[in-house]
Protein chains: 2
Amino acid sequence: MSKALVILSGGQDSTTCAAIACQQFDEVHAVTFDYGQRHAIEIESAEAVARSLNLASHEIISMGRVLKGSSPLVSDTHLGTYDKPDQLPGGVEPTFVPGRNLLFMTIAANRAAVLGIRDIFTGLCQEDFGGYHDCRAVFVAAMQTAIGEGFYGDPDYFTFHTPLMNLNKADSVKLAFETIGSDDFNHLFSLTHTCYAGVKGGCGRCHACILRDRGFHEAGVDDPLWQLRAIAA
Amino acid sequence: MSKALVILSGGQDSTTCAAIACQQFDEVHAVTFDYGQRHAIEIESAEAVARSLNLASHEIISMGRVLKGSSPLVSDTHLGTYDKPDQLPGGVEPTFVPGRNLLFMTIAANRAAVLGIRDIFTGLCQEDFGGYHDCRAVFVAAMQTAIGEGFYGDPDYFTFHTPLMNLNKADSVKLAFETIGSDDFNHLFSLTHTCYAGVKGGCGRCHACILRDRGFHEAGVDDPLWQLRAIAA
């Protein structure tokens, strides 16, 4: 019985990873982090996705605001809005929370250790990582080594699977569509949440919505969230 | 103005590191983690040490029981007691909490980033690490790389100072004694707490007390905690 753990945020990337893990492993568990992010809707999306994929277990790990920084995701500073992708800022996005993915990977590995799991999936992607240093392959490799050393004195003990690492959002949408199949895709992706502003169906103007919309457009796939957004408008 | 951050537990090793950092840097900050450990006395010790050393800031970071495992430090399982050092178990101690030092180093680096600090001190020691994989130099080096990559895309951005890494407890006591001087040493070390069982002055029979006692005996230095223990007995 092969087992894997997925770091599930309820967004499109981690949902895609969960679907891929379910095809490759017999038993898939998930963890979702509540680290004081602005919107409970993310947690609800993760729960809905986990139920829909019939995962073996799903734990919401609440840890308060242990990370500090100026990011609007963990503070009350202003969240930028944009009309088009070419307006997005370069460099490290203001939404960067220093240490976030290190924390997620460490605690996920703790749960994997408890569950006897060595394979961990995360939706990290360096293709359009918006300047997040902790989304790059070189970081994941370094962290995998550190975690293996720290937990078991074996740098190769854990394998962090990052099937989206080198895909742009359009290719990522295509991969999800092909992996899941059109019927299940529409249902599963209607459960996901991406919007930084916490608007159900997406505000369409935050950094995350802009990237998601562009990905679906370029992939030639309709985002089931667009229907929700149209109804709300 | 040079600045450093110390991961301060209130035990003898991190207290020694804090004293060393104060000699090497102009401004020293500290963080202490409250991760659901059994005893509030550890936090009180850290606060007393930070006040005594006149640190620039001291933050207690509370994060609940985000780590799981069978360790008696985070669960209700039995804590072993011993009469002599040669009774201590080999291999990984039952007190090992998988991921603990990874979490501490990550969150410490987050605070360092916010404070504009690149030098972080920790009392990790591989000499008598009791089988804790995350106390070894090879782990600290891997984690330093992962954190630098994840925060700034620079594997050498942070330096984790581990002045006790290769010292046994006796040499560590001697180093503290020489660094601090006998008068201040007695006061500062009377504030520290080491005992896993949470007994003020030390129970003298848990793994941590056994190692501390042996270190002071071998160093030929009186532990100011012995007086407290004698008074309590």
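Residues numbered from 1 in each chain as written. Chains lettered and ligands numbered in written order. Predicted model: local features only at pLDDT ≥ 70, side-chain atom pairs only at ≥ 80, totals over all residues.

Caption draft 1: Geometry of the overall build of chain A. What chain A contains, in helices and strands, is eight helices and five strands. For chain A, the N- to C-terminal ordering of α and β elements is β-α-β-α-β-α-β-α-β-α-α-α-α. Classification of the 233 residues of chain A by burial places 49% in the buried group. Within chain A, contacts between residues at least 6 apart in sequence are counted, and of these 71% link residues at least 24 apart. (Helix = DSSP H or I, 4+ residues; strand = E, 2+ residues; numbered from the N terminus. Buried ≥ 20, exposed ≤ 12 C-beta atoms within 10 Å, placed from the backbone. Contact = placed C-beta atoms within 7 Å.)

Caption draft 2: The confidence of the model for chain A, seen in detail. Chain-level pLDDT for chain A is 88 on average; 86% of the residues reach the 70-or-more range. Here the complex is predicted with pTM 0.89, and the ipTM for its interfaces comes to 0.87. (pLDDT = per-residue confidence, 0-100.)

Caption draft 3: Spatial organisation of the relation of the copies chain B and chain A. Least-squares fitting of chain B to chain A yields an RMSD of 0.0 Å, with the superposition described by an axial translation of 0.0 Å and a rotation of 180°. What the superposition gives is, in effect, a two-fold axis relating one chain to the other. When C-alpha positions in chain B are compared against the rotation axis, the closest is assigned to Met 63 of chain B, at 2.7 Å. Interface overlap between copies: 100% of the residues of chain B at the interface are likewise at the interface in chain A, consistent with a symmetric, same-surface contact. (Least-squares fit on C-alpha atoms with pLDDT ≥ 70 in both.)

Caption draft 4: The arrangement of the packing of helix H5 (residues 169–180) of chain B against helix H6 (residues 182–190) of chain B in detail. Residues and elements named next belong to chain B. One way to put it is that H5 packs onto H6 with a least axis distance of 7 Å and a crossing angle of 120°. When the axes of H5 and H6 are compared, the pair comes out oblique. At the point where H5 passes H6, the crossing takes the right-handed sense. Facing H5, whose interface residues are Ala 176, Phe 177 and Ile 180, H6 presents Ser 182, Asp 184, Phe 185 and Leu 188. (Axes fitted to C-alpha atoms, helices over the stretch in contact; angles between N-to-C directions. Parallel < 35°, antiparallel > 145°, perpendicular 65-115°, else oblique. Left-handed = near helix turned anticlockwise from the far one by under 90°.)

Caption draft 5: View of the interface of chain B and chain A. Across the contact, 33 residues belong to chain B and 34 residues belong to chain A. Listed by contribution, the elements that provide at least two residues to the side of chain B that touches chain A are helix H3 (100–115) and helix H4 (137–152) of chain B. A total of eleven residues in the side of chain B that touches chain A trace back to one element, the largest contributor, which is H4 of chain B. For the side of chain B that touches chain A, a count of residues per class yields 19 nonpolar, ten polar and four charged. (Nonpolar A, V, L, I, M, F, W, Y, C, P; charged D, E, K, R; others polar.)

Caption draft 6: Molecular detail of the nonpolar core. In this structure, Val 6 and Ala 18 of chain A together with Val 6 and Ala 18 of chain B are the most contacted members of the largest nonpolar core, which totals 122 residues. Those residues in contact with Val 6 of chain B that lie beyond four places of it in its chain are Ser 14, Cys 17, Ala 18, Ala 21, Val 28, Ala 30 and Phe 121 of chain B. (Core = buried A, V, L, I, M, F, W, Y, C linked by C-beta atoms within 7 Å.)

Caption draft 7: Geometry of the environment of Lys 200 of chain A. Residue and element names in this part refer to chain A. Its place among the elements puts Lys 200 in the loop between helix H6 (182–190) and helix H7 (207–219). The class of Lys 200 is partly exposed, set by 16 C-beta atoms lying within 10 Å. Taking C-alpha positions, Lys 200 is 24 Å from Leu 164, a pair spaced 36 residues apart along the chain. With residues near it in sequence (within four places) discarded, Lys 200 still touches Ile 41 and Leu 228.

Caption draft 8: Highlighting the sheet that holds strand E4 (residues 119–121) of chain A. Residues and elements named next belong to chain A. The strand order across the open sheet built from five strands is E3-E2-E1-E4-E5, with neighbouring strands paired in parallel fashion. With partners counted over all chains shown, the strands left at the sheet margins are strand E3 (57–62) and strand E5 (159–161), one partner each. This sheet shows a mean twist of 25° between the axes of neighbouring strands, independent of strand direction. For E4 and E5, the ladder comprises three bridges, and the chain directions are parallel. Of the residues in E5, the one forming a bridge with Phe 121 is His 161. (Pairing = 2+ DSSP bridges.)

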